[in-house]
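Structural overview
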Amino acid sequence: MRDKLDLIDHQILTLLSDDAQMPYTEVAKRAGISPGTVHMRTRKMKDLGIIKGATLTLDYSKMGWKMTVFLGIFLRESNLYKVVMEELSKVREVVKIHHSTGKYDIFIKLHARDSLHYRNLYQESILTIDGIRGIESFMSVEENMSRHISFTTQDSK
């Protein structure tokens, strides 16, 4: 699929990765192409499944959600990962779920308002999921960076 993308596609992706709400006219201006080209190429990348939508980046701490926690989850049996991931996706505070290799079977990210909220989530919503054998938790003290890969350099080849 990468062979179907060229430098212009990569420029568009990089610009939209920085600001998914940037108007196509502004993307076109910065990339030195027409707005129609941006629209056509963006549509192509959506059809290929490269662009899966646009999201907002929220600062949860400014909204009163003071804890970001990562959980490394051990399963009773490795073949239970789909069922457990489905149950985890029902917990609204869980924002990322990864089926992973290495020490943990599943690795998740969640947000909580405070330690009491986290304790309730942990004890009542996560530990009660059938198939989980154990959990290790890691609290984030600061998110320093969140970004996409820049595709406008030669390193993208």
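Residues numbered from 1 in each chain as written. Predicted model: local features only at pLDDT ≥ 70, side-chain atom pairs only at ≥ 80, totals over all residues. Heavy atoms only, no water.

Side note on the packing of aromatic side chains
- As enumerated under the stated definition, the model contains 6 aromatic pairs in all.
- Look at Phe70 and Phe107: their rings are 6.1 Å apart centre to centre, the planes differ by 20 degrees, and that puts the pair in the stacked class. Taken together, the residues span a long stretch of sequence, with Phe70 in strand β1 (residues 67–75) and Phe107 in strand β3 (residues 106–112) at a distance of 37 residues.
- The class for Phe70 is partly exposed, based on a relative accessible area of 26%.
- Residue Phe107 is classed as partly exposed on the basis of its relative accessible area, which comes to 26%. (Phe/Tyr/Trp six-rings, centres within 6.5 Å; stacked < 30°, edge-to-face > 60°. Helix = DSSP H or I, 4+ residues; strand = E, 2+ residues; numbered from the N terminus. Buried < 20%, exposed > 50% of the residue type's maximum accessible area, 1.4 Å probe, protein only.)

Quick word on helix α5 (residues 115–126)
- Every buried residue of α5 is accounted for by His117, Tyr118, Leu121 and Ile126. Each buried residue of α5 sits inside an arc of 100 degrees when the element is viewed along its axis, so together they form one side. Summarising the geometry of α5, the exposed residues directed more than 90 degrees from the buried face are Ser115 and Glu124.
- One side-chain oxygen of the residue at the start of α5 lies 3.2 Å from the amide nitrogen of Leu116, identifying that residue as Asp114. (Arc of directions from axis to C-beta. Polar contact = N/O pair within 3.5 Å; in protein donor to acceptor, adjacent residues only side chain to side chain.)

Things to note about helix α4 (residues 81–89)
- Buried within α4 we find Val84, Met85 and Leu88. Buried residues of α4, viewed axially, fall in a sector of 100 degrees; they line one side.
- Buried residues along α4 sit in contact with β1, β2 (94–99), β3, α5 and β4 (132–140). (Contact = heavy atoms within 4.5 Å.)

Quick notes on the environment of Glu26
- Note that Glu26 resides in helix α2 (residues 24–31).
- Residue Glu26 is classed as partly exposed on the basis of its relative accessible area of 23%.
- C-alpha of Glu26 to C-alpha of Gln123: the two residues are 97 residues apart in sequence and 48 Å apart in space.

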